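# Report on the structure
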Amino acid sequence: MTMMMPSRLGSDFDDFVNTHSTNLLRSAYLLTLDLGHAQDLVQITLLKTARHWSVARRAPEAYSRRVLVNASRDRWRALRRRPQDDQSFSAQCEIPEPGSYSQQVVDHETLTQALRLLEQSQREVIVLRYFLDLNVAETAQVLRVPEGTVKSHASRGLERMRELLLRESIERGNADAH
Amino acid sequence: MLTENGDVDAIRTGLHAAVSHIAAPPDLLTQVRQRHARHQRAIVTSVLAVVLFASGLAIGSETLGRTEVIQFKHVDLSQYSAKVGSIPSNERVSTTIVLRQGQLTISPAPEAESPAVSQQSALASWLSHGPAPVSGGAAPTSVLFGLLTDKEYATIQPNGSSSPIYVQHPTWIIEYLNAEVPISGGYVPGGSQGRPTLSVGPLYGFIDAASGSYLYAVSQTVPVPNP
């Protein structure tokens, strides 16, 4: 009689978690822009990675990145099905009033707000390309899209971010002038 | 932050700066390992339930085997109550039974709670699922109505958490206090040489009190050294 036995997690899994969980959490935060959701996603990601460790251990970073993106998409789809979250999402999309925070906080806050205003697919590409520093081919592999799609999303995403950040920069300059 | 021409480096730097204050909690690994362990236990429990369902035998913690003993034909069903609904107290669990270090409990049902199938039907359902896994006597020690809670027999949610399938579930419990379960085949620590051929201990079969369907069975039988 054959029984499915639990997979064993060795110290290499612990090393992986200890080394990469912060980066995973930061990536999750940039994908979701919600720390609570990001923490949930990282736990889900690590659990799924643990469950398939015999496969994942060959390239745990790449494996966990893909799991994280998929989990993030699941969350995105779930939120879109909930009208109350659509409303809260719209409310969150407002750029904060210039001068209401310290310069550094405004920079960080503005950047994350700009990310928030991107389409989900553009945000994924921006995070993978410019936060995790994956190349086009690696990004395409994680997202399971053609490289051309990665390039176009990156281009449009960057352009959109530039617009948003420039607008904020101008508004801030005007506020300072007064 | 950006000039009109803004560049990728600025965005790259900005992204890193925006999350530089975020760090994984120090107990993350512990949390993940605990949740992973719970998940694995749930898998094992589910597999055990399937195995029990398929073979109709009891499993000790370290033994697997198939019984060849067929004694249930000696059970006289007419000795068991055919009453449905308000059943007497002698057909009810009177004190809580705790198994698996508290992971599984069988507790008394409130007086108002009654089974939709009779004691007799429940036992017939149990017996119809294969050979009673006991030698030397087919009749169970008792057939009682109670509430089943099993924290380990669970389904896994998409987010990794587990939710028990049976919580205070109205159930007929077929109890054998000293079930003798023959062992043949399966893994036994220390090799097969002179390994035990019998395990003894409590065995519980669970029948849904609403539908009369077989749920699963658990046992805590312990291998007995050969004479």
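Model, not experiment: these values are computed from the prediction.

## Some points on the overall build of chain B
Tallying secondary structure elements over chain B gives 3 helices and 7 strands in all. Across the 227 residues of chain B, 34% fall into the buried class. Long-range pairs, those at least 24 residues apart, make up 70% of the contacts in chain B between residues at least 6 apart in sequence.

## Some thoughts on the overall build of chain A
Helix and strand counts for chain A stand at 9 helices and 0 strands. Residues counted as buried form 38% of the 178 residues belonging to chain A. Here the contacts in chain A between residues at least 6 apart in sequence split such that 61% fall between residues at least 24 apart.

## Topic: the confidence of the model for chain A
Interpretation of this model should avoid reading the predicted coordinates in detail wherever pLDDT is low. Confidence in the prediction of chain A, expressed as mean pLDDT, is 77, and 74% of residues score 70 or more. Confidence over residues 1–7 of chain A falls short of pLDDT 50; this stretch has 11 contacts with residues more than four positions distant or in other chains.

## A short note on helix α1 (residues 8–18) of chain B
Those residues of α1 of chain B lying buried are I11, G14, L15 and A18 of chain B. Each buried residue of α1 of chain B sits inside an arc of 100° when the element is viewed along its axis, so together they form one side.

## As for helix α7 (residues 120–131) of chain A
Residue and element names in this part refer to chain A. Taking 1.5 Å of rise per residue, 12 residues should cover 16 Å, and α7 covers 15 Å from first to last C-alpha, within 8% of that figure. Of the residues making up α7, those classed as buried are Q122, R123, E124, V125, I126, V127, L128, R129, Y130 and F131. Phi for D133, located one or two positions after α7, is positive at around 60°.

## Looking at the packing of α7 of chain A against helix α8 (residues 136–143) of chain A
Residue and element names in this part refer to chain A. Here α7 crosses α8 at 135°, and the two axes come no closer than 10 Å. By the angle between their axes, α7 is oblique relative to α8. Pair α7 / α8 crosses with right-handed handedness. For the pair α7 and α8, the contacting residues are E124, V125, L128 and R129 in the first and T139, V142 and L143 in the second. Tallied by class, the residues present in the contact of α7 with α8 amount to 4 nonpolar, 1 polar and 2 charged.

## A word on the environment of A28 of chain A
Residue and element names in this part refer to chain A. Tracing the backbone through its elements, the reader meets A28 in helix α1 (residues 11–32). Counting along the chain gives 43 residues from A28 to A71, while the straight-line C-alpha distance between them is 9.5 Å. Once residues lying within four places of it in the same chain are set aside, the contact partners of A28 are A38, L41, V42, L68 and S72.

## Points about the environment of V98 of chain B
When you line up the elements, V98 of chain B lands in strand β1 (residues 97–99). In the structure, V98 of chain B is positioned 51 residues away from T149 of chain B in sequence and 9.8 Å away in space, judged by C-alpha atoms.

## Describing unusual backbone geometry
All names here are of chain A. Phi is positive for L33, close to 60°, though the residue is something other than glycine. On the secondary structure map, L33 appears in the loop between α1 and α2 (35–51). L33 gets classed as partly exposed once you count the C-beta atoms within 10 Å, which come to 17. Even without glycine at this site, R144 takes up a positive phi of about 55°.

## Here we look at the nonpolar core
Counting residues in hydrophobic clusters, the biggest one holds 48 residues, and the most contacted among them are A28 and L30 of chain A together with L15 of chain B. Ranked by residues supplied to this core, first place goes to α1 of chain A with 9 residues. Both domains that furnish three or more residues to this core are identified here as domain 1 (22–92) and domain 2 (99–178) of chain A. Core analysis: the second largest hydrophobic core is formed by 30 residues, I106, I173, A209 and A217 of chain B among them.

## So, the pairing of strand β2 (residues 104–107) of chain B
Residues and elements named next belong to chain B. With burial as the criterion, only one face of β2 is covered, namely that bearing L104 and I106; the residues T105 and S107 on the opposite face remain uncovered. Where β1 hands over to β2, the hairpin turn is made up of 4 residues, of which R100 adopts a positive phi near 50°. Here 4 bridges tie β2 to strand β3 (residues 142–156), and the two strands are oriented antiparallel to one another. Following the sheet pairing, L104 is matched in β3 by D150.

## A look at the packing of α1 of chain A against α2 of chain A
Residues and elements named next belong to chain A. Their axes nearest at 8 Å, the elements α1 and α2 cross at an angle of 140°. The orientation of α1 with respect to α2, classified from their angle, is oblique. Two packed elements cross with a definite hand, and for α1 against α2 that hand is right-handed. Note on element contacts: α2 touches α1 through L35, H37, A38, Q39, L41, V42, T45, L46 and A50, opposite F13, V17, S21, L24, L25, A28, Y29 and T32. For the contact of α1 with α2, a count of residues per class yields 12 nonpolar, 5 polar and no charged.

## Things to note about the environment of E180 of chain B
Residue and element names in this part refer to chain B. With respect to the helices and strands, the residue E180 is situated in strand β4 (residues 162–182). By the C-beta count within 10 Å, which is 20 here, E180 ends up buried. Between the C-alpha atoms of E180 and S199, which are 19 residues apart in sequence, the distance is 5.8 Å.

## Considerations on the pairing of strand β5 (residues 198–208) of chain B
All names here are of chain B. Across the 11 residues of β5, 8 count as buried, placing the element largely inside the fold. Pairing analysis gives 5 bridges linking β5 to strand β6 (residues 214–219), with the strands arranged antiparallel. Of the residues in β6, the one forming a bridge with F206 is Y216. The turn linking β5 back onto β6 is made up of 5 residues, and G212 within it adopts a positive phi angle of 80°.

Conventions adopted
Residues numbered from 1 in each chain as written. Chains lettered and ligands numbered in written order. Predicted model: local features only at pLDDT ≥ 70, side-chain atom pairs only at ≥ 80, totals over all residues. Helix = DSSP H or I, 4+ residues; strand = E, 2+ residues; numbered from the N terminus. Buried ≥ 20, exposed ≤ 12 C-beta atoms within 10 Å, placed from the backbone. Contact = placed C-beta atoms within 7 Å. pLDDT = per-residue confidence, 0-100. Arc of directions from axis to C-beta. Expected span 1.5 Å × (residues − 1). Axes fitted to C-alpha atoms, helices over the stretch in contact; angles between N-to-C directions. Parallel < 35°, antiparallel > 145°, perpendicular 65-115°, else oblique. Left-handed = near helix turned anticlockwise from the far one by under 90°. Nonpolar A, V, L, I, M, F, W, Y, C, P; charged D, E, K, R; others polar. Core = buried A, V, L, I, M, F, W, Y, C linked by C-beta atoms within 7 Å. Domains from an automatic or database assignment. Pairing = 2+ DSSP bridges.

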